[in-house]
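Here is how the chains run, residue by residue.
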Amino acid sequence: MLSTYISNIILVSTIQLTIVLIVTASIFLVFIAIAIIKMYKLKAENKRLLDNSFYKTELDKSYQDFTDGHLYDNNN
């Protein structure tokens with residue numbers, strides 16, 4: 001009698017398992033959606049900051065030849 005009662009408590013029906021899995025999957029889908037939204041917001045903020053950045057002018061400068069400095073002998 002006691003073993004039958006314990007086995008009935010431990011056993012889970014297919015419907016109960018399905019409900020638990022659907023709820024768990026739904027929660028993870030909400031977390032994934034929040035993460036994707038935050039990723040796009042951070043990407044937009046990063047782009048905005050890079051567009052207004054001081055270093056953008058540094059990146060846009062063309063290459064300057066530094067070999068004409070005093071460390072190099074140009075008397076060849």
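Only a predicted model underlies this, so the values are computations on that prediction, with no experimental measurement involved.

Undergrad: Just give me the short version of the overall build of the protein, but keep the residues and values in it.
TA: Looking only at helices and strands, one finds three helices and zero strands in the protein. Reading the secondary structure of the protein in the N-to-C direction produces α-α-α. Within the protein, the fraction of its 76 residues that count as buried is 0%. Here the protein displays about 7700 Å² of accessible surface, and carbon together with sulfur accounts for 68% of that area.

Undergrad: An account of a nonpolar patch on the surface is requested, with residue identities and associated values reported.
TA: On the surface, Ile15, Ile19, Val23, Ile27, Phe28, Val30, Phe31 and Ile34 cluster together into a nonpolar patch covering about 800 Å² of accessible area. You can see isoleucine 34 is positioned in helix α2 (residues 14-51).

Undergrad: How would you summarise the confidence of the model for the protein if you had to cite specific residues and measurements?
TA: For the protein, per-residue confidence averages 79 on the pLDDT scale, and residues scoring 70 or more make up 59% of the total. Summarising per-element confidence for the protein, the mean pLDDT is lowest in helix α3 (residues 55-60) (60) and highest in α2 (94).

Undergrad: Go over the pattern of salt bridges with me, naming the residues and quoting the values.
TA: Scanning the entire structure with this criterion turns up two salt bridges. Among the salt bridges present, the one from arginine 48 reaches glutamate 45, with a minimum N-O distance of 2.7 Å. Linking arginine 48 with glutamate 45, this pair stays in helix α2, spanning three residues, or about one helical turn.

Conventions used here
Residues numbered from 1 in each chain as written. Predicted model: local features only at pLDDT ≥ 70, side-chain atom pairs only at ≥ 80, totals over all residues. Heavy atoms only, no water. Helix = DSSP H or I, 4+ residues; strand = E, 2+ residues; numbered from the N terminus. Buried < 20%, exposed > 50% of the residue type's maximum accessible area, 1.4 Å probe, protein only. Areas by Shrake-Rupley, 256 points an atom, 1.4 Å probe, with all protein chains shown as cover. Patch = residues over 30% accessible without salt bridge, like charges linked within 9 Å, V, L, I, M, F, W, Y side chains within 5 Å. Salt bridge = Lys/Arg side-chain N within 4 Å of Asp/Glu carboxyl O. pLDDT = per-residue confidence, 0-100.

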